[in-house]
There are 2 protein chains.
Amino acid sequence: MLTAEIIAIGSELLSPSKTDTNSLWLTERLNELGIQVCLKSVVGDDPPRLEETLRDAISRSDIVITTGGLGPTEDDVTRESVARSIGAELVHREDIEEGIRQRFKSFGREMPAVNRRQAYIVDGSEVLPNSNGTAPGIFIKKGEVSIVVLPGPPRELKPMFTDHVIPRINGGAGRIVFRKRVLKVTGLGESAIDEAVAPIYKSFDDVTTGILFNRADVEIHLTSKGADQASADARNEELASLISEKLGTAVYSTAGEEMEKVIGDMLTERGQTLAVAESCTGGLIGERITDVAGSSLYFLEGAVVYSNEAKIRTLAIDGALIEKFGAVSAEVAEAMAEGMRGKSGATYALSVTGVAGPGGGTEEKPVGTVFIAVADANGIKSSKLTLPGDRYLIRWRSSQAALDLLRRRMLD
Amino acid sequence: MLTAEIIAIGSELLSPSKTDTNSLWLTERLNELGIQVCLKSVVGDDPPRLEETLRDAISRSDIVITTGGLGPTEDDVTRESVARSIGAELVHREDIEEGIRQRFKSFGREMPAVNRRQAYIVDGSEVLPNSNGTAPGIFIKKGEVSIVVLPGPPRELKPMFTDHVIPRINGGAGRIVFRKRVLKVTGLGESAIDEAVAPIYKSFDDVTTGILFNRADVEIHLTSKGADQASADARNEELASLISEKLGTAVYSTAGEEMEKVIGDMLTERGQTLAVAESCTGGLIGERITDVAGSSLYFLEGAVVYSNEAKIRTLAIDGALIEKFGAVSAEVAEAMAEGMRGKSGATYALSVTGVAGPGGGTEEKPVGTVFIAVADANGIKSSKLTLPGDRYLIRWRSSQAALDLLRRRMLD
């Protein structure tokens, strides 16, 4: 089995609040190819330490991947350090500089002189094109060792790795392939799920099963190993089907999709439409729904009715209703959904009103009290939630619960 | 200035879903003592790699901290590897074994034979008591270098570090303290900023300056060192002021605050209100504004007018205007802002309409074409953006540009 080391470069990654997450994604990709990650390092913009780390890695591993430090400024030292670690020179490449110049031009800007640094690569190496940024990646073969130099931003690194690195390293990978699959479950706790499905997954020796809580849901991670992708995928599929059968509608996703994608697919398939009225989530539900490309097919509109006046004016809610029950109540949530459905003409209207905190809680309605409602041609259904967590989590969990209410309504 | 390296040990930390978080907490503690973390590694239960990593770290840093790998089983290799890396022996300590035995006894259990391994420590080292677990830590002085061996579970590691490690390394830490400060800048590129401010920050020998691009903005990270917090803060303040003066209103945050917080503070201070009308951002701007606790003071409402019908119905936009200029146009952006201001009565109304992609682009208005507008009592101002990136980035950058348009309008 081939071994890999990952070196994340950048002093900002050595602060108390920053962590290198690229290596997790890279590890997953490498494992899928049957390559094991044996060591990860984080080094600052510190040429001597970086050079030593590179030399050690190159001397003991088959694949060495660096991330970051390819920017245009002086503290970006990766190019120089990689070259020195293998005793090579940096060479200027006019074609790369021209590409960078064109990229700036396409945004109506001139290339700053400092970006010329990004047109230098290690002599004798291959250039890895960057479709989302100025810094190209570098691929070096030094004896049997592959050295892969990637930019730090995930949006640049990921497509570069998928498109240009995997084809270069895949040929040498071993014969065991790992494949991952994620199921997502709402409305059930971690231990309840484990009790229900442990007898199933324990009979799959070749699949590792992990059960993880993630913000609002529980995720079931399956990692199968097989001689090839197809057979590994088939084992995951087999186990995923048995788990889905056991847990029923609580499983909203069997291939890692987000809730908003699942709902988008259901709406598209049925040719139905959606509108939302949000108070405490402040636009989060609209944002999540429209994060899905093509959502204009089914998403008509959203209203962020943060103030009472906005609720009354925009959704034609009776002020007396708010007076009587409070803005955070099942009655107002239902009126919001009904008002939005009437206004928009959507098949479904979804609403949320609640206390996200940290202020605004009362004894009767403490922080975390949230009402959600869904309206369609068959009527209105609402639900009260009591959510733990801080402002961020309460808002996120509210949005997830509202979307799940819609999902279950559609399945009814 | 003392330097430290942190080595996290355990094969589970090299999986795609696990990350070493102990090092973040340790970095914060070390920085408070004026000790800089220069390198972090994650090594599996792999004696040769671990030994080499330890040797390198000991050869170049003042303090080397390992976490994990002190369990009772055979894959816990830290004790042996540390001993070998400094050419020392492991010795059995009867008093430690007796302590572990007592700990088991207090839970009504007998010590399993395998736990005897945890009673071995490096010859000549000091034992660091573990109040929350069986594995003691180890403190070794090798010449001038301090080697600190800690257990992996955070609830064992943290009190051990606070109670037994800080007193041992603090005396030698010298009097230097590090303080961090982040400035955030919009509307200028990384290289343009570096060109403008390099002459300033280069004259501050005691402050390390890093310039980083982050989604839509550039961040300037200052790390100063001083004899105490106050003097280090003062140096950051001095440099931050000079940079702010040089870059002017492009600097929107001088203490790391998010744009939505900066705007919220400005609105609160002035007693003004805000409403937003969003198309391609789908609720993201509302979500960001209301992410700030207390935003109900100044945020009145938002409209996510995704369909043309919603734009016409909710914001009283003339359908002929959309027909003539298209939904993605300066004219419609301005009408959206004007319509929302009229409807809500807010001091400011902000609007966004654009093509977030991946579909929907045309030759005239390709993906990334976005119009933003702000309306207030003095009139309406709009701006056209041509944004690079994928759907996520275009939406995020649109939201940031719109908020920045509002900020600059308020500063006018």
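Bear in mind the structure is a predicted one, so any value in this text is a computation, not a measurement. (Residues numbered from 1 in each chain as written. Chains lettered and ligands numbered in written order. Predicted model: local features only at pLDDT ≥ 70, side-chain atom pairs only at ≥ 80, totals over all residues.)

When helices and strands are tallied, chain A shows 13 helices and 17 strands. Taking the principal axes of its C-alpha atoms as reference, chain A extends roughly 80 × 60 × 40 Å. Taking all 412 residues of chain A together, the buried fraction comes to 50%. Long-range contacts, defined as pairs at least 24 residues apart, comprise 65% of the intrachain contacts of chain A with a sequence gap of at least 6. (Helix = DSSP H or I, 4+ residues; strand = E, 2+ residues; numbered from the N terminus. Buried ≥ 20, exposed ≤ 12 C-beta atoms within 10 Å, placed from the backbone. Contact = placed C-beta atoms within 7 Å.)

Let us look at the pairing of strand β8 (residues 145–150) of chain B. When a strand is regular, its side chains alternate between the sheet's two faces. Residues and elements named next belong to chain B. Of all six residues that make up β8, five are buried, and the element is covered over most of its length. Pairing analysis gives five bridges linking strand β3 (residues 63–67) to β8, with the strands arranged parallel. Bridging from a neighbouring strand, valine 64 pairs with isoleucine 147 of β8. Note: strand β7 (residues 137–142) against β8, five bridges, orientation antiparallel. (Pairing = 2+ DSSP bridges.)

Counting residues at the interface gives 61 residues for chain A, matched by 63 residues for chain B. Of all the secondary-structure elements, those providing two or more residues to the side of chain A that touches chain B are α1 (22–32), β2 (36–43), α2 (47–60), α9 (284–290), β14 (299–305) and α10 (308–315) of chain A. Considered class by class, the residues forming the side of chain A that touches chain B number 24 nonpolar, 24 polar and 13 charged. Pairing of β14 of chain A with strand β14 (residues 299–305) of chain B, which is carried by five bridges, proceeds in the antiparallel orientation. From the neighbouring strand, valine 304 of chain A faces β14 of chain B, where its bridge partner is glycine 302 of chain B. (Nonpolar A, V, L, I, M, F, W, Y, C, P; charged D, E, K, R; others polar.)

For chain A, the assigned domains are domain 1 (3–172), domain 2 (177–253) and domain 3 (259–411). Centre-to-centre, using C-alpha coordinates, domain 1 of chain A lies 34 Å away from domain 2 of chain A. (Domains from an automatic or database assignment.)

All names here are of chain B. Restricting attention to buried positions, one finds in helix α1 (residues 22–32) the residues Asn22, Ser23, Leu26, Thr27, Leu30 and Asn31. An end-on view of α1 places all buried positions within 155° of arc, on one side of the element. Contact partners of the buried residues in α1: β1 (3–9), β2 (36–43), β3, α5 (154–170) and β9 (177–185). Phi for glycine 34, located one or two positions after α1, is positive at around 80°. (Arc of directions from axis to C-beta.)

Residues and elements named next belong to chain B. Where strand β6 (residues 126–128) lies against β7, three bridges are found, and the strand directions are antiparallel. Residue pairing in the sheet places leucine 128 in a bridge with glycine 137 of β7. The loop that links β7 with its antiparallel partner β8 comprises two residues; one of these, glycine 143, has a positive phi angle of about 65°.

Backbone hydrogen bonds are what pair the strands of a sheet, in a parallel or an antiparallel way. Taken together, the 10 strands give an open sheet; going across it, the order is β17(A)-β16(A)-β15(A)-β13(A)-β14(A)-β14(B)-β13(B)-β15(B)-β16(B)-β17(B), and neighbouring strands pair in mixed fashion. Two strands lie at the open edges of the sheet, namely β17 (379–386) of chain A together with β17 (379–386) of chain B, each paired on one side alone. Going across the sheet, the axis of each strand differs from the next one's by a mean of 10°, ignoring polarity. Pairing between strand β15 (residues 348–354) of chain B and strand β16 (residues 369–376) of chain B: six bridges, direction antiparallel. The partner of serine 351 of chain B across the bridge, within β16 of chain B, is alanine 373 of chain B. Lying on the sheet, helix α13 (residues 391–411) of chain A is in contact with β15 (348–354), β16 (369–376) and β17 of chain A; it crosses β16 of chain A at an angle near 30°. (Axes fitted to C-alpha atoms, helices over the stretch in contact; angles between N-to-C directions.)

A separate point is the environment of serine 106 of chain B. Its place among the elements puts serine 106 of chain B in helix α4 (residues 94–106). For serine 106 of chain B and leucine 2 of chain B, which are 104 residues apart along the polypeptide, the C-alpha to C-alpha distance reads 41 Å.

Here we take up the sheet that holds strand β6 (residues 126–128) of chain A. One open sheet accounts for 12 strands, arranged β6(A)-β7(A)-β8(A)-β3(A)-β1(A)-β2(A)-β2(B)-β1(B)-β3(B)-β8(B)-β7(B)-β6(B); its pairing is mixed. The sheet is open, and its two borders are formed by β6 of chain A together with β6 of chain B, each paired with just one other strand. Taking each pair of neighbouring strands and ignoring which way they run, the sheet shows an average axis angle of 15°. With respect to the sheet, α1 of chain B is in contact with β1, β2 and β3 of chain B, its orientation differing from that of β1 of chain B by roughly 160°. On top of the sheet, helix α2 (residues 47–60) of chain B reaches β2 of chain A together with β1, β2, β3, β7 and β8 of chain B; it is set at about 170° to β1 of chain B, its chief contact.

Moving on: the packing of α2 of chain A against α2 of chain B. At a closest axis distance of 12 Å, the pairing of α2 of chain A and α2 of chain B adopts a crossing angle of 160°. Taken as axis vectors, α2 of chain A and α2 of chain B run roughly antiparallel relative to one another. Classified by chirality, the crossing of α2 of chain B by α2 of chain A is right-handed. Here α2 of chain A contributes Arg49, Glu52, Asp56 and Arg60 of chain A to the contact with α2 of chain B, which in turn contributes Arg49, Glu52, Asp56 and Arg60 of chain B. (Parallel < 35°, antiparallel > 145°, perpendicular 65-115°, else oblique. Left-handed = near helix turned anticlockwise from the far one by under 90°.)

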